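Residue strings, one per chain:
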Amino acid sequence: MIYLLKGRGIPLKTRSAILIVLIISSIYIYSLNQGIIRNFISEPTSISNSFEEDGLRELEGMKTQTSNKQSLPSQGLLTYVGMTAKEVEEILGKPNRIDRSPYDYDWWIYNENLEEYLQIGVEQNKVVTVYGIGESINISPFHIGQAYSQVATQFSIENQLSFNARFTSFRFELNEVEMKTRPLIEMDDVYIQLYFDTFTNNLSSIRYMDKETLVKHRPYELVYRGDLLSSKELTNDDWREVEEGTAAQILDLTNIIRYRHGINPVQWDDKTSIVAYNHSKEMNLEDYFSHQSPNTGGLADRLVEGEVPYQLAGENIAARYVDGIAAVEGWLNSEGHRDTLLNGKFTHLGVGVFEKHYTQNFIQKWEHE
């Protein structure tokens, strides 16, 4: 730019004025096309749980820029990213169901065997993300149940990860908690979230994404320069499809985690799910986050109003998580929510999802003589 202004025929004062204008314009354009997306849209710690027993409620409180590239393995779930839908179907067969996501892809759900549970995210006939939690799945070079210390020895876990996508620069920044609970690793342009159970310090589940999907999720604080890549806006009908699929996934993941810990699965309960959905919806629309509703009272009140008989009941709530996967892993890493999730007395579960508010209502039904 300065070199061009040295051309002949332009007076010195004019060249100086043009230079100043160009510099100011460049600064202005730069400021319009960069930003910092901080924790208000990243996965929060605002999750909470509640217990109801014989009408009594107990609330438990919550109690250097790097790329980190690794070589791509020749087998395992990571190799699915970039495949066509047809190629996936040739390997895995048809999915047991297809759930819509809020991020432009559909989840293909393979849940016939809890030890081989998979979710394959397909967008425009291409795999853009994969999630696995079953203990028998191949996630080479990792494995479910692997110790955090072993992963940290094999891979460099950094607090920043940068890349370019669609002419925009992105940098994700992880805090100390995120580096322990869900670090991010890159392998040849595939981005891997490792979800750790902090009570055992073992790998609980794993998520693979291409860079565009990672940006759409925005699971960590994000600094960017250029045009921010976002998912398409959803209509109310679109959200209902997403919410129903997410609720079903939360049930699946809950039972996988219970199975992993030797605890009987819970069955879906329609009435309880309606109670849970209404609470998620009210929290979203009235902009609060609590087990105690200003309109419907506590969990016991809501279950009575919903005509749900129970001996024991527990409630987990979460808000603004990326999706149901992230919410369940968040509950697993919070003592009170974990106790609810792994309570062997519960027999049934109702899940209610409204946009990015999530409610689990567990109940132990009355036993008839």
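A brief look at the structure comes next. If you're wondering where the values come from, they're calculated on a predicted model, not measured in any experiment.

Counting residues in hydrophobic clusters, the biggest one holds 47 residues, and the most contacted among them are Ile-120, Ile-139, Phe-142, Phe-163, Ile-192, Leu-194 and Tyr-208. For this core, the leading source of residues is strand 12 (residues 190-197), giving 5 residues. Residues in contact with Leu-194, not counting those within four places in the same chain, are Phe-142, Val-151, Thr-181, Arg-182, Pro-183, Ile-185, Leu-203, Ser-205 and Ile-206. Judged by nonpolar contacts, the second largest core, of 35 residues, contains Ile-109, Tyr-131, Leu-312 and Ala-327.

Mapped onto the elements, Ile-144 comes out in the loop between strand 8 (126-132) and helix 3 (148-154). Given a relative accessible area of 11%, Ile-144 falls into the buried group. Expressed as a C-alpha distance, the spacing of Ile-144 and Ser-204, which sit 60 residues apart in the sequence, is 5.9 Å. Each residue touching Ile-144, except ones within four places of it in the same chain, is listed here: Gly-132, Ile-133, Gly-134, Glu-135, Ile-139, Leu-203, Ser-204, Ser-205 and Arg-260.

Glancing now at the pattern of salt bridges. The tally for this structure, following the rule as stated, stands at 17 salt bridges. Lys-216 serves as the salt-bridge partner of Glu-123, at 3.4 Å between the closest nitrogen and oxygen. Of this pair, Glu-123 sits in strand 7 (residues 118-123) while Lys-216 sits in helix 5 (residues 211-217); the two residues are 93 residues apart in sequence, bridging distant segments of the chain. Note on accessibility: Glu-123 and Lys-216 belong to one class, buried. Between Lys-211 and Asp-189 there is a salt bridge whose closest N-O contact spans 3.8 Å. With Lys-211 in helix 5 and Asp-189 in the loop between strand 11 (184-187) and strand 12, this residue pair connects regions lying 22 residues apart in the sequence.

Our next topic: the packing of helix 6 (residues 236-260) against helix 9 (residues 324-332). Viewed as axis vectors pointing N to C, helix 6 and helix 9 meet at an angle of 35°, and their least axial separation amounts to 9 Å. Crossing geometry of helix 6 relative to helix 9 is assigned as right-handed. Counting all contacts with helix 6, which are made through Thr-246, Ile-250, Leu-253 and Ile-257, the residues of helix 9 involved are Gly-324, Ile-325, Val-328, Trp-331 and Leu-332. Here the contact of helix 6 with helix 9 is built from residues that sort into 7 nonpolar, 2 polar and no charged.

Definitions and cut-offs
- Residue indices follow the written sequence of each chain, beginning from 1 at its first position.
- With the structure being a predicted model, the display of local features is reserved for residues of pLDDT at least 70 and the display and counting of side-chain atom pairs for 80 or more, all residues being used for whole-chain, interface and lining totals.
- The basis for the side-chain values is all heavy atoms of the structure; hydrogens and waters are excluded.
- Nine residue types can take part in a nonpolar core, namely buried Ala, Val, Leu, Ile, Met, Phe, Trp, Tyr and Cys, and a core is a set of them joined through side-chain atoms within 4.5 Å.
- Only protein chains enter the area calculation, which uses a 1.4 Å probe; residues under 20% of their type maximum are buried, those over 50% are exposed, and those in between are partly exposed.
- Helix and strand definitions follow DSSP, with helices as H or I runs of at least four residues and strands as E runs of at least two, each counted in order from the N terminus.
- We call two residues contacting when some pair of their heavy atoms lies within 4.5 Å.
- Salt bridge, as used here, is a side-chain nitrogen of Lys or Arg placed within 4 Å of a carboxyl oxygen of Asp or Glu.
- With axes taken as lines fitted to C-alpha atoms, and helix axes fitted only over the stretch in contact, angles between N-to-C directions fall between 0 and 180 degrees.
- Crossings are assigned a handedness: left-handed for a near helix turned anticlockwise from the far helix by less than a right angle, right-handed for a clockwise turn.
- Here the nonpolar group is Ala, Val, Leu, Ile, Met, Phe, Trp, Tyr, Cys and Pro; Asp, Glu, Lys and Arg are the charged ones; every other residue, Gly included, is treated as polar.

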